[in-house]
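Listed below, chain by chain, are the residues.
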Amino acid sequence: MKVLVTGGTGYIGSHTCCELLDRGYEVVIIDNLSNSKKEVVSKIEQITGKKVKFYLGDVRDKELLRKIFKENEINFVIHFAGYKAVGESVLNPLMYYENNLLSTINLCEVMKEFDCKNLVFSSSATVYGIPKKLPLKEDFSLAATNPYGQTKLMIENILKDLYASDNSWNIVILRYFNPIGAHASGLIGEEPNGIPNNLMPYIVKVANKELPFLNIFGNDYDTVDGTGVRDYIHVVDLAIGHVLSIEKINKDKGIFIYNLGTGHGYSVLELVNTFSKVNNIEVNYRIVDRRPGDVAECYADTKKATIELGFKAQKTIDDMCRDSYKYVINNK
Ligand code: NAD
Ligand code: UFG
């Protein structure tokens, strides 16, 4: 079985390629390296001892997509490629709509041309908007609070319409909660450009003395200790969720939507303290104002993925903190 992985040199894509290769799938990657590095391909090969076929290019480029489908008999596509920074999407919405929507539409058109109609798509818990009730279930109402979230919501709707028009498509929409951690080898991980927006990459840079302290955005939420609570999931568990999704549409036909999280929330302070404990390193922080747009708590109901995919996150918050730091130490 051959899987085309768009955005396969990125953070979640690279870990997914490893899990696919470990289970005997062949992997073809297309990535324009706008947010990742070519070396990731050889790191994936080093981890798995298997070869990967890499195409440098853009998913918006239909001619390149046609070339890939002509040169490889693709059975499944996992579509990670896209932009993902919320703040940047507010400042430059057209860039987000253009890349995220066009890449998905062009990809689906070429998949249709080549009669490859098996797709796994990276969505996000952001499509639930401001949670009215927790834990979040797949059938809750959806809303977007920023252009990035809009692109995910719009793509989910495009895929639902596509399936309604032609039910020979098999589609899994995965709504990720907060992926952190890195491969246990320390060879691949998350490497954001510039000053990170997300919590774990920021903690890591503070621990590494690249930034002086972490700003904790508010300690007056109605949560266990006043700081924001999120459902952190180890990226390797998340990656395995993609393999299970492929197995699902290989046996059951249709369109399916799943949350991928652990179902447990941790506060910012709990994550900081766990990181300090397992890595035996101090993380300086100060409490500042709430970040506009943040919600107090967000965590998944994971029952549907457990029952229908057989998905259960295995790694603990200690593993997530240890592996996130190991990657940075290894790549200093
Ligand atoms: P990432 O930026 O590390 O990976 C995305 C990859 O896609 C990068 O390698 C980038 O170079 C590539 N890319 C972007 N646009 C492209 C294009 N037009 N053509 C070819 N390649 C392109 O991001 P990630 O964290 O691995 O996220 C993967 C997917 O998961 C994204 O769609 C993201 O929106 C979604 N997601 C991520 C998170 C998260 O917290 N990381 C949460 C929810 C959803
Ligand atoms: N936080 C800080 N300081 C920081 C960064 C974050 O205190 O420097 C706090 C936030 O206030 C929040 C928690 O840490 O309480 C997590 O924040 P992240 O920015 O790491 O993650 P979010 O839950 O805000 O958002 C992430 C992705 C979104 C995605 C969402 C749901 O960035 O794209 O998860 O999947 F939509």
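Anything mentioned here points back to the structure above.
Report on the accompanying structure. (Residues numbered from 1 in each chain as written. Chains lettered and ligands numbered in written order. Predicted model: local features only at pLDDT ≥ 70, side-chain atom pairs only at ≥ 80, totals over all residues. Heavy atoms only, no water.)

Examining the nonpolar core
The nonpolar side chains of soluble globular proteins are, as a tendency, buried together. Formally: Put simply, a nonpolar core is a bunch of buried Ala, Val, Leu, Ile, Met, Phe, Trp, Tyr and Cys residues held in one set by side-chain atoms that sit within 4.5 Å of each other. Relative accessible area decides the class of each residue, using a 1.4 Å probe on protein chains only: under 20% of the type maximum gives buried, over 50% gives exposed, and in between gives partly exposed. The numbering of helices and of strands both runs from the N terminus, where a helix is a DSSP run of H or I of at least 4 residues and a strand a run of E of at least 2. Here a residue-residue contact requires only that any non-hydrogen atoms of the pair lie within 4.5 Å.
Core analysis: the biggest nonpolar cluster contains 38 residues, and Val-3, Leu-20, Val-27, Ile-44 and Ile-246 have the highest contact counts within it. With seven residues, the single largest contributor to this core is helix H8 (residues 235-251). Excluding residues that lie within four positions of it along the chain, Leu-20 makes contacts with Val-3, Val-5, Tyr-25, Val-27, Ile-78, Val-243 and Ile-246. One finds Val-28, Leu-65, Phe-121 and Ile-155 within the second-largest nonpolar core, a separate group that totals 26 residues.

Thoughts on unusual backbone geometry
Of the consecutive residues Leu-134 and Pro-135, the connecting peptide bond is found in the cis state with omega at -5°. Along the chain, the position of Pro-135 falls in the loop between strand S5 (118-124) and helix H6 (147-165). Even without being glycine, Leu-33 reaches a positive phi, approximately 60°. With a phi angle near 55°, Asp-115 is a residue other than glycine that sits in the positive phi range. Residue placement: Asp-115 occurs in the loop between helix H5 (93-113) and S5.

Observations concerning the sheet that holds strand S4 (residues 76-79)
Selection criterion: Strands were regarded as paired on the criterion that DSSP finds at least two bridges between them. Helix axes are fitted to C-alpha atoms over the stretch in contact, other axes to C-alpha atoms as well, and angles between N-to-C directions run from 0 to 180 degrees.
Read across the open sheet, the seven strands follow the order S3-S2-S1-S4-S5-S6-S11; overall the sheet is parallel. The strands lining the two open edges of the sheet, one partner per strand, are strand S3 (53-56) and strand S11 (255-260). Strand-to-strand twist of the sheet, defined as the mean angle between neighbouring strand axes without regard to direction, takes the value 15°. By the bridge criterion, three bridges tie S4 to S5 in an arrangement that is parallel. Paired with His-79 across the strands is Phe-121, a residue of S5.

Structural notes on the packing of helix H1 (residues 11-22) against helix H2 (residues 39-48)
Counted only if it meets this: Crossing handedness: left-handed means the near helix sits turned counterclockwise from the far one by under a right angle, and right-handed means the same turn made clockwise. Residues are grouped as follows: Ala, Val, Leu, Ile, Met, Phe, Trp, Tyr, Cys and Pro are nonpolar; Asp, Glu, Lys and Arg are charged; all remaining types, including Gly, are polar.
Where H1 meets H2, the closest approach of the two axes is 10 Å, and the angle between their N-to-C directions is 35°. The two elements H1 and H2 cross, and the hand of that crossing is right-handed. Every residue of H2 that contacts H1 at Ser-14, Cys-17, Cys-18, Leu-21 and Asp-22 is listed here: Val-40, Ile-44, Ile-47 and Thr-48. When the residues that make up the contact of H1 with H2 are grouped by side-chain class, the tally is six nonpolar, two polar and one charged.

Details of the pairing of S4
Burial along S4 is two-sided: Phe-76 and Ile-78 and Val-77 and His-79, pointing in opposite directions, are all buried. Taken together, the four bridges between strand S1 (residues 2-6) and S4 define a ladder with parallel strand orientation. Across the sheet, the residue bridging to Val-5 is Ile-78, located in S4.

A word on the site of ligand 1
As a reminder of what qualifies: Residues are classed as near a molecule or strand on a simple rule: at least one heavy atom within 4 Å of it. In protein, a polar contact requires one atom able to donate a hydrogen and another able to accept it; more generally it is a pair of N or O atoms within 3.5 Å, and residues adjacent in sequence count only if both atoms are side-chain atoms. Using the Shrake-Rupley algorithm and a 1.4 Å probe, accessible areas are obtained, with residue cover drawn only from the displayed protein chains.
The local shell around ligand 1 holds 27 residues, among which Asp-31, Asn-35, Ser-36, Lys-84 and Asn-99 are the closest. The backbone of Ser-34 places a nitrogen or oxygen atom 3.0 Å from an oxygen atom of ligand 1. Within the side chain of Lys-152, one N or O atom sits 2.9 Å away from an oxygen atom of ligand 1. In the complex, 95% of the free accessible area of ligand 1, which totals 820 Å², lies under the protein chains. It is S5 that contributes the most residues to the shell around ligand 1, three residues altogether. Counted by class, the shell around ligand 1 contains nine nonpolar, 13 polar and five charged residues.

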